[in-house]
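Here is how the chains run, residue by residue.
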Amino acid sequence: MTIKTGDSLPNATLLQMGEDGPQQVALSDKLKGRKVVIFGLPGAYTGTCSTAHVPSFMVTYDDFKAKGVDEIICVAVNDPFVMQAWGESTRAAETGITMLADAESAFTTAIGMNFSAPPVGFVDRSKRYAMLVDDGVVTILNEEPSPGACEISAGETLLAAID
């Protein structure tokens, strides 16, 4: 079942690099009593993800903050080492975007955003989406019809939808 507007996100444990290596992050701790943007994408270092999706949230970061967003989180089905390196190479981490790994695709699958495209090496990856979550409840959900597109899920589009 795919998550939809008005649904509560399931609790999930994601991974983030800390000073001593990979650390578990309880998504519920990030969401409780907060307004958070979560955007998911097929994979670190992939074309549209690196050239359009992540940059769209970097250029709108301050505008999201001005609209009361507490945190912007990028989730991909990769390991935390890759997510850290990608966050550094794109400067997304420097901008303030939290890079979280859904290494086993558990969260992505639980919200129905998983897909596979074996010919290009994508197995149980994430569809491209962006959502606004208020205290754990999805208030806006923008899902792309194709993993190669980045218009509906772009930072600018989500930002424009926030009152």
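Student: Would you mind showing me how to read the overall build of the chain here?
Tutor: Along its length, the chain carries seven helices and nine strands. For the chain, whose C-alpha radius of gyration is 14 Å, the value lies close to the compact-globule estimate of 15 Å for 163 residues. In the chain, which comprises 163 residues, the share counted as buried stands at 48%. Pairs at least 24 apart in sequence give 65% of the contacts found in the chain among residues at least 6 apart. Counting only carbon and sulfur atoms, one obtains 50% of the accessible surface of the chain, whose full area is about 7400 Å². Separation of charge centres in the chain, based on 11 positive and 21 negative side chains, amounts to 3 Å.

Student: Please explain the environment of Q24 as it appears in this structure.
Tutor: Along the chain, Q24 falls in strand β2 (residues 21–26). Among the residues examined, Q24 registers a relative accessible area of 65% and is labelled exposed. Distance in space between the C-alpha atoms of Q24 and D63 is 29 Å, their sequence separation being 39 residues. Once you skip the residues sitting within four places of it in the chain, Q24 turns out to touch T13, L14 and L15.

Student: Can you help me understand helix α2 (residues 47–59) in this one?
Tutor: An α-helix turns once per 3.6 residues; consequently, residues spaced three or four apart project the same way. Between its terminal C-alpha atoms α2 stretches 18 Å, which fits the 18 Å expected from 13 residues at 1.5 Å a residue. Within α2, the full set of buried residues consists of C49, H53, V54, S56 and F57.

Student: Is there a simple way to explain the packing of aromatic side chains in this structure?
Tutor: Each aromatic ring pair is specified by the distance between its two centres and by the angle formed by the two planes. What the rule picks out here adds up to four aromatic pairs. Considering the side-chain rings of F39 and F57, the 4.1 Å spacing of their centres and the 10° angle between planes classify their relative orientation as stacked. With F39 in strand β3 (residues 35–41) and F57 in helix α2, the pair connects residues that are 18 residues apart, well separated along the chain. On the basis of relative accessibility, which here comes to 0%, the residue F39 falls in the buried class. Taken together, a centroid distance of 6.1 Å and an interplanar angle of 90° make the contact between F115 and F122 edge-to-face. In this structure F115 comes out as buried when scored by relative accessible area, which is 17%. Overall, F122 belongs to the buried group, its relative accessible area being 16%. Linked through ring pairs, F39, F57 and F64 together constitute an aromatic cluster.

What counts and how
Residues numbered from 1 in each chain as written. Predicted model: local features only at pLDDT ≥ 70, side-chain atom pairs only at ≥ 80, totals over all residues. Heavy atoms only, no water. Helix = DSSP H or I, 4+ residues; strand = E, 2+ residues; numbered from the N terminus. Rg over C-alpha atoms; globule rule 2.2 N^0.38 Å. Buried < 20%, exposed > 50% of the residue type's maximum accessible area, 1.4 Å probe, protein only. Contact = heavy atoms within 4.5 Å. Areas by Shrake-Rupley, 256 points an atom, 1.4 Å probe, with all protein chains shown as cover. Lys, Arg positive; Asp, Glu negative; His and termini not counted. Charge placed at Lys NZ, Arg CZ, Asp CG, Glu CD. Expected span 1.5 Å × (residues − 1). Phe/Tyr/Trp six-rings, centres within 6.5 Å; stacked < 30°, edge-to-face > 60°.

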